[in-house]
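Commentary on secondary and tertiary structure
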Amino acid sequence: ALHPFVVALSERHVGLVEDLMTERFDVAWGETRAIAGRVAKREVEGVAPDLVAEFSRRTLAIEAVMAEKVAELEAARGCAPTSDELGVVHRAAWRETRLKKAHRSVAEMTAEWCERARPWVGDDPKSWVASLAGRSDLPALRADDLTDAMLSDVARAALFARSEKSSVFTQANLYADVERQLH
């Protein structure tokens, strides 16, 4: 019963993490296509694209494998793959680039992440994070701040976004689009 809502629940999770980070660190969010430009992603405003790329190695590897597979398909058939075929290619690239999990402690992983980030954040990560604060000119909203008119606008925008993507969709698809609009 939950499987159809996996994407929607993921969008809810992303929204909650963004809200908590905004509340704790006063950061702003913006859309970017800097990494794997097919779909806009949300990143903290002020984070260098090269730093995002450093922590997006898997996504970049998937995109490289996809580009190779799509080129092979196009050469063999003389036309671009359909969106359904692109989904199949993406899943194959995802599986192909997945490395076997290594069991490491959180302390080991954190030390590695800090070292990888050092060229962009320097030796004082707390100061770097503080430098990202205060970049939003939008008011912080809570659920009870949302008026019926605002919610109607969100619903309309979500329905429009979904209908631009596909002619047939489910409640789970709409729920995911509503969550994206709320971001």
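Source: prediction; values computed, not measured. (Residues numbered from 1 in each chain as written. Predicted model: local features only at pLDDT ≥ 70, side-chain atom pairs only at ≥ 80, totals over all residues. Heavy atoms only, no water.)

Applying the stated rule across the entire model yields 16 salt bridges. With a shortest N-O distance of 2.3 Å, Glu54 and Arg57 are connected by a salt bridge. Two residues, Glu54 and Arg116, come together in a salt bridge whose shortest N-O distance is 2.8 Å. Of this pair, Glu54 sits in helix α2 (residues 49-54) while Arg116 sits in helix α5 (residues 106-121); the two residues are 62 residues apart in sequence, bridging distant segments of the chain. Of the two residues, Glu54 and Arg116, both sit in the buried class. Connected through shared salt-bridge partners, Glu11, Arg162, Lys165, Asp177 and Arg180 make up one network. (Salt bridge = Lys/Arg side-chain N within 4 Å of Asp/Glu carboxyl O. Helix = DSSP H or I, 4+ residues; strand = E, 2+ residues; numbered from the N terminus. Buried < 20%, exposed > 50% of the residue type's maximum accessible area, 1.4 Å probe, protein only.)

Enumeration according to the criterion identifies 1 aromatic pair in this entry. Here the basic side chain of Arg116 rests over the ring of Phe55, its NZ or CZ set 4.3 Å away from the ring centre. (Phe/Tyr/Trp six-rings, centres within 6.5 Å; stacked < 30°, edge-to-face > 60°. Lys NZ or Arg CZ within 6 Å of the ring centre and 35° of its normal.)

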